[in-house]
Amino acid sequence: MLVRLLYASRAAGPLAPPVVESILDQSRRNNPRLGISGMLCYFDDTFIQVLEGGRDAVCDLFNALVRDDRHKAVRILTFEEIGERRFGGWTMGAVNMAKVNPSLLLKYSEKPLLNPFAASGRATLALLDDLVAAALVVSQGS
Ligand SMILES: Cc1cc2nc3c(=O)[nH]c(=O)nc-3n(C[C@H](O)[C@H](O)[C@H](O)COP(=O)(O)O)c2cc1C
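So, here is what we can say about the structure in this document. Keep in mind that what you see is a predicted model, and the values were worked out from it rather than measured. (Residues numbered from 1 in each chain as written. Predicted model: local features only at pLDDT ≥ 70, side-chain atom pairs only at ≥ 80, totals over all residues. Heavy atoms only, no water.)

1. Looking at the nonpolar core
For clarity, the cut-off: For the purposes of this section, nonpolar cores are sets of buried Ala, Val, Leu, Ile, Met, Phe, Trp, Tyr and Cys residues that join through side-chain atoms within 4.5 Å. Here the term buried applies to any residue with accessible area under 20% of the maximum for its type, exposed to any over 50%, and partly exposed to those in between, with areas from a 1.4 Å probe on protein chains only. Put simply, DSSP marks the helices as runs of H or I at least four residues long and the strands as runs of E at least two long, and each gets a number from the N terminus on. In what follows, residue pairs with any heavy atoms lying within 4.5 Å of each other are defined as contacts.
Judged by nonpolar contacts, the single largest core of 20 residues is most densely connected at Tyr-7, Phe-47 and Leu-51. Elements with a minimum of two residues in this core: β1 (2-11), α1 (17-34), β2 (37-43), β3 (46-54) and α2 (55-65). Setting aside anything within four residues of it in sequence, one finds Tyr-7 in contact with Phe-47, Ile-48, Gln-49, Leu-51, Phe-62, Leu-65, His-71, Val-74, Arg-75, Ile-76 and Leu-77.

Structural data, given as structure tokens:
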């Protein structure tokens, strides 16, 4: 049985490229073996990640990464059983939201700012879908 989990968190320290790179390296190394695919968005001090895969695999990974001290204030935005993957093309795709056209952000928000802690999970997931459709996701290890 497949599930999709979407969460947001705050980076514990400055979101320097090496921090993001090390997270993506770990994802690339571990996720294929776990049958997990997904996408990691980052901007300012915020992460948004969607994880798809078997329920046990997704829950076990989530329980582990909640304790990762590179981020804090981890908030589940949506969790659902799914019939098929939407982010199956990546062991972990990556999007630097600072490079995304503000008009895309305006589609789902009152202002061209992304605040997943205030927005509905459904709106944030719809935005991630649009990023995939706009081919703004950088492939990492798939
Ligand atoms: C925002 C964020 C997202 C992460 N995503 C993943 C992931 O998709 N897969 C993964 O294996 N580890 C991920 N990690 C890292 C895990 O918390 C943990 O450090 C890692 O799985 C340990 O792997 P290792 O034992 O191979 O070093 C993430 C960490 C953070 C802070």
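2. Remarks on the side chain of Ser-37
Condition: Any pair of N or O atoms that falls within 3.5 Å is considered a polar contact. Within protein, one atom must be able to donate a hydrogen and the other to accept it, and sequence-neighbouring residues count only if both atoms are side-chain atoms.
Along the chain, the position of Ser-37 falls in strand β2. Within the local environment of Ser-37, its side chain forms a polar contact with the backbone oxygen of Phe-87, the two atoms lying 3.3 Å apart. Apart from the residues within four sequence positions on either side, Ser-37 is in contact with Val-50, Leu-51, Glu-52, Arg-85, Phe-87, Gly-88, Trp-90, Thr-91 and Met-92.

3. Thoughts on helix α4 (residues 121-133)
Counted only if it meets this: What a helix should span is 1.5 Å times the count of its residues minus one.
Across its 13 residues, α4 extends 18 Å between first and last C-alpha, which sits within 8% of the 18 Å expected from 1.5 Å per residue. Regarding α4, the residues found buried are Gly-121, Ala-123, Thr-124, Leu-125, Leu-127, Leu-128, Asp-130 and Leu-131. Looking at the buried residues of α4, the elements they touch are β1, β2, β3, β4 (71-82), β5 (93-96) and α3 (102-106). Backbone geometry just downstream of α4 places Ala-135 in the positive-phi region, at approximately 55°.

4. What about the layout of surface pockets?
Filter applied, for reference: Points on a 1 Å grid over protein atoms alone make up a cavity when a 1.4 Å probe fits among them but cannot get out, and a pocket when they form an open set with protein on both sides within 12 Å along at least five of seven lines; lining residues each have an atom within 4 Å of a point. Grid points are joined across faces, edges and corners, and a volume is the space filled by probe spheres set on the points. Under the grouping applied here, Gly and all other residues not named as nonpolar or charged are polar, the nonpolar ones being Ala, Val, Leu, Ile, Met, Phe, Trp, Tyr, Cys and Pro and the charged ones Asp, Glu, Lys and Arg.
Within this model, the largest pocket holds a volume of roughly 280 Å³. Of all the secondary structure elements, the ones that give two or more residues to the lining of the largest pocket are α1, β3 and α2. No other element matches the five residues that α1 contributes to the lining of the largest pocket. Residues that form the lining of the largest pocket fall into these classes: seven nonpolar, six polar and two charged.

5. Comments concerning the site of the ligand
Keep this limit in mind: The near set for a molecule or strand comprises every residue that places at least one heavy atom within 4 Å of it. Think of it this way: a molecule belongs to a cavity or pocket when more than half its atoms come within 2 Å of the grid points there.
Close to the ligand lie 16 residues, the nearest being Gln-26, Arg-29, Asn-30, Asn-31 and Asp-68. Separating an oxygen atom of the ligand from a side-chain N or O atom of Arg-29 is a distance of 3.0 Å. Within the side chain of Asn-30, a nitrogen or oxygen atom sits 2.9 Å from an oxygen atom of the ligand. Among the detected pockets, the ligand sits in the largest pocket. A total of six residues in the shell around the ligand trace back to one element, the largest contributor, which is α1.

6. Topic: α2
Counted only if it meets this: In this context, the arc is that of the directions from the helix axis out to the C-beta atoms.
Every buried residue of α2 is accounted for by Val-58, Leu-61, Phe-62 and Leu-65. Looking straight down α2, one finds that the buried residues subtend no more than 100° of arc, so they occupy a single side. Opposite the buried face of α2, at more than 90 degrees from it, the exposed residues are Asp-56 and Asp-60. Each element contacted by the buried residues of α2 is listed here: β1, α1, β3 and β4.

7. A few points about the pairing of β1
To be explicit about the condition: Strand pairing follows a simple DSSP-based rule, namely that at least 2 bridges must link the two strands.
A large share of β1 lies buried, amounting to eight of its 10 residues. In this structure, β1 lies alongside β4, joined through nine bridges in antiparallel fashion. Considered in β4, the bridge of Leu-2 is made with Ile-82.

8. A short note on the environment of Gly-121
With respect to the helices and strands, Gly-121 occurs in helix α4. Owing to a relative accessible area of 12%, Gly-121 belongs among the buried residues under this scheme. Between the C-alpha atom of Gly-121 and that of Ala-64, which follows or precedes it by 57 residues, the distance is 22 Å. Discounting residues that sit within four places of it in the chain, Gly-121 has contacts with Leu-6, Leu-77 and Thr-78.

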